[in-house]
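# A closer look at the structure
Each chain is listed here by its residues.
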Amino acid sequence: VKREEFIKKQAELKKFIGMETLTADGDKLEVYCNIGTPKDAKKAMECDGEGVGLFRSEFLFMDNTHLPTEEEQFEAYKEALETMEGKTVIIRTLDIGGDKEIPYMGLAKEENPFMGFRAIRYCLKNRDLFKTQLRAILRASAFGDIKIMFPLITCLEELREGKALVEEVKNELRLSSVSEFNENIDVGVMIETASAAVIADVLAPEADFFSIGTNDLTGYTMSCDRGNADVAYLYSVLQPGVLRLIRRTIQCGRENGIPVGMCGEAAANPQLIPLLISFGLTEFSVSAPSVLKVRKCISKWSKTEADKIAEKVMAMKTEEEIAAYLETIV
Ligand code: PEP
Ligand code: MG
């Protein structure tokens, strides 16, 4: 019986291949894919992803014995773009530190690595390495719709400094023999720290897009390490504190006319999807096997129904109450 049910479900999902992602009342949204290597882009296409919402570029560094050169990175980004056949590819700049170690880089051991020298912080202090990556991304941008995204932004200074480096690299490219790149490449911000979500109104006017990283946002907002069994119970995207930050981020993005996506695992959570539709999220970036499930789930909700659920949930005071209620709707 289980096998038959599985086959039936798969057949139902297949109906969504090649379909647009539409809510029940016809609003067009998008389901993108998260990838780690250019090879994963193939899976993203097979699963009918509408783009890549998160290319975790650190895998090019982690699955390696040396720092990937500009040329190696350029080839990897170009390969992902070509495999995606003209669809958008968002490259997240190097996100190391925390749980992501790269042995040959010799990063100092830290007492509190999640609070430490990682991601954009590391890149802004290691400009040669960062500029090499930006140069590779910019050169690849001549071949398709590529966007840059900075991880772990906590304040406007970091975004400004990162963008200034993008401009610096553009200038250097103009003066060099390789002058082909997208002059207007979009630079977006991952909203994955509590501070970024709280100052989303300050960041939005200077960002081209937001993408909410709920994996880290949940941990940082709840001040809890999900790997620690004693506190893992706190790690829930359904905590009112986390939901309010998600709603706020989307609202600030919309008020400033920039698109807001989500590339954390919560984007594939069927209980959260009606809330995200109601808040106005436009792009859901999920693992390849989740694409059709998310497209199907989105198709079930009208804006009016989603709004009703969101209104109820956002008036609730505890995660327990929210989780119990959402159990009843999906
Ligand atoms: C996130 O934090 O939600 C995210 C997508 O980034 P990563 O899981 O790579 O830290
Ligand atoms: Mg993250």
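Up top you'll find the structure we're talking about.
Residues numbered from 1 in each chain as written. Chains lettered and ligands numbered in written order. Predicted model: local features only at pLDDT ≥ 70, side-chain atom pairs only at ≥ 80, totals over all residues. Heavy atoms only, no water.

### Some points on the packing of helix H4 (residues 70-83) against helix H6 (residues 127-140)
Operational definition: For helices, the fitted line uses only the C-alpha atoms of the stretch in contact; every axis is such a line through C-alpha atoms, and the angle between N-to-C directions lies from 0 to 180 degrees. Secondary structure elements are taken from DSSP: a helix is a run of H or I of four residues or more, a strand is a run of E of two residues or more, and numbering for both begins at the N terminus. Throughout this description, any angle smaller than 35 degrees is read as roughly parallel, any larger than 145 degrees as roughly antiparallel, any in the 65 to 115 degree range as roughly perpendicular, and the remainder as oblique. Working rule for handedness: look at the near helix, and if it is turned counterclockwise from the far one by less than a right angle, call the crossing left-handed; if clockwise, right-handed. By definition in these notes, contact holds between two residues if any of their heavy atoms fall within 4.5 Å. In this classification, Asp, Glu, Lys and Arg are treated as charged, Ala, Val, Leu, Ile, Met, Phe, Trp, Tyr, Cys and Pro as nonpolar, and every other residue, Gly included, as polar.
Taken N-terminus to C-terminus, the directions of H4 and H6 make an angle of 40 degrees; their axes are 8 Å apart at the nearest point. Overall, the two elements H4 and H6 adopt an arrangement that is oblique. For the element pair H4 and H6, the recorded crossing hand is right-handed. Residues Glu-70, Glu-71, Gln-73, Phe-74, Tyr-77, Lys-78 and Leu-81 of H4 form the contact with H6, whose own contacting residues are Thr-132, Gln-133, Arg-135, Ala-136, Ile-137, Arg-139 and Ala-140. The residue inventory of the contact of H4 with H6, partitioned by class, reads 6 nonpolar, 3 polar and 5 charged.

### Regarding the environment of Phe-210
Here Phe-210 lies in strand S7 (residues 210-212). With near-sequence residues (within four places) excluded, Phe-210 lies in contact with Val-189, Ile-191, Ala-200, Leu-203, Ala-204, Thr-249, Gly-253, Ile-258, Pro-259, Val-260 and Gly-261.

### What to know about the coordination of the magnesium ion (ligand 2)
Selection rule: Coordination shells were defined by N, O and S atoms within 2.8 Å of each metal, extended to 3.2 Å for Na, K and Ca; water is absent from the atom set, which can make sites look incomplete. Residue burial is assigned from relative accessible area. The probe radius is 1.4 Å, only protein chains are included, and a residue is buried under 20% of its type maximum, exposed over 50%, and partly exposed in between.
Of the protein atoms, only Glu-192 (OE) and Asp-216 (OD) coordinate the magnesium ion (ligand 2), at distances of 2.1 Å. Taken together, the positions of Glu-192 in the loop between strand S6 (187-191) and helix H8 (194-198) and Asp-216 in helix H10 (residues 214-222) put the pair 24 residues apart, joining distant regions of the chain. Take Glu-192 and Asp-216: they sit in the same class, and that class is buried.

### Section: unusual backbone geometry
Positive phi is not limited to glycine here, since Glu-85 has a value of about 50 degrees. By secondary structure assignment, the location of Glu-85 is in the loop between H4 and strand S4 (89-92). Since its relative accessible area comes to 63%, Glu-85 is described here as exposed. We note that Ala-119 has phi near 50 degrees; this positive angle belongs to a residue other than glycine. Tracing the backbone through its elements, the reader meets Ala-119 in helix H5 (residues 119-125).

### Considering the layout of surface pockets
This is how it is decided: Detection works on a 1 Å grid of protein atoms alone, calling trapped sets that fit a 1.4 Å probe cavities and calling open sets with protein on both sides within 12 Å along at least five of seven lines pockets, with lining residues defined by an atom within 4 Å of a point. Grid points are joined across faces, edges and corners, and a volume is the space filled by probe spheres set on the points.
Here the largest pocket defines a volume of roughly 540 Å³. Along the walls of the largest pocket sit 26 residues, with Asp-99, Phe-114, Asn-215, Asp-216 and Arg-226 positioned nearest its centre. Put simply, the parts of the chain that give the lining of the largest pocket at least two residues each are strand S3 (52-56) and H10. Reported here for the second largest pocket is a volume of approximately 380 Å³. Those elements giving two or more residues to the lining of the second largest pocket turn out to be helix H1 (2-14) and helix H13 (291-299).

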